[in-house]
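Close look at the chain arrangement
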Amino acid sequence: MGVAIHIILIPFLTFAIILSKGKGAFLIAGYNTKSDSEKALYDEVALCKLMGKTMYGISFSILLFALSEMWDKQVLFIIGLILILTIIIFALVYTNTGNRFKKKV
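Below is a short write-up of the structure. This structure is a prediction, so every number in the text was calculated from the model and none was measured.

Let's shift gears to the packing of aromatic side chains. A complete count under the given rule lists four aromatic pairs for this structure. Measuring from centroid to centroid gives 6.4 Å for Tyr31 and Tyr42, while their planes differ by 90°, and the two rings are edge-to-face. Residue Tyr31 is found in the loop between α1 (2-20) and α2 (36-39), and its partner Tyr42 is found in the loop between α2 and α3 (44-71); the two are separated by eleven residues along the sequence. Classification of Tyr31 as buried rests on a relative accessible area of 5%. In this structure Tyr42 comes out as partly exposed when scored by relative accessible area, which is 21%.

In structure tokens, the structure reads:
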């Protein structure tokens, strides 16, 4: 099980690195399905950087899952689960409120 979690961790870290550089907007679900005229209204780099930070947090949570399995410590799994849920809820609320990523005219 621990090896499988490490294999899952590799793509998450790869996506985090790509997104944190402000590239890879095609990886963001919802954004990549918008028309070109709708995409022009958004600050793509800022959105990618936030999603990159989110992916780093999720990667850390997955690492906690792997460590929990390796060291047989249930508390690490619980901390990772709480962390991943908190990160996802925060990212959803932050990106969908306040028009933070709309370009200023």
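So that's the structure; there's more coming.
Time to look at a nonpolar patch on the surface. On the surface, Phe77, Ile78, Leu81, Ile82, Leu85, Ile89 and Val93 cluster together to form a nonpolar patch covering roughly 620 Å² of accessible area. Along the chain, the position of Phe77 falls in helix α4 (residues 74-96).

Turning next to the environment of Ile87. Within the element layout of this structure, Ile87 appears in helix α4. Judged by its relative accessible area of 17%, Ile87 falls in the buried class. Distance in space between the C-alpha atoms of Ile87 and Ser61 is 9.5 Å, their sequence separation being 26 residues. Setting aside residues no more than four positions away along its own chain, Ile87 makes contact with Thr54, Gly57, Ile58 and Ser61.

What counts, and where the lines are drawn
- Here the residue index of a chain counts from 1 through its sequence in written order.
- Confidence filtering applies because this is a predicted model: local features only for residues at pLDDT of at least 70, side-chain atom pairs given and counted only at 80 or more, and all residues used for totals across whole chains, interfaces and linings.
- Think of the side-chain values as coming from all heavy atoms in the structure, minus any hydrogens and water.
- When the centres of two rings from Phe, Tyr and Trp lie within 6.5 Å, Trp using its six-membered ring, the rings pair. Their planes under 30 degrees apart give stacked, over 60 give edge-to-face, and anything left gives tilted.
- Helix and strand assignments come from DSSP, with helices taken as H or I runs of at least 4 residues and strands as E runs of at least 2, each series counted from the N terminus.
- Each residue gets one of three labels from its accessible area relative to the maximum for its type: buried under 20%, exposed over 50%, partly exposed in between, using a 1.4 Å probe on protein chains only.
- Only residues whose relative accessible area exceeds 30% and that form no salt bridge are eligible for patches; like-charged ones are grouped when within 9 Å, while nonpolar side chains (Val, Leu, Ile, Met, Phe, Trp, Tyr) are grouped when within 5 Å.
- Each accessible area value is a Shrake-Rupley result obtained with a 1.4 Å probe; residue values ignore everything except the protein chains displayed when judging cover.
- A carboxyl oxygen of Asp or Glu within 4 Å of a side-chain nitrogen of Lys or Arg is what we treat as a salt bridge.
- In this analysis, two residues are considered to be in contact whenever any of their non-hydrogen atoms come within 4.5 Å of each other.

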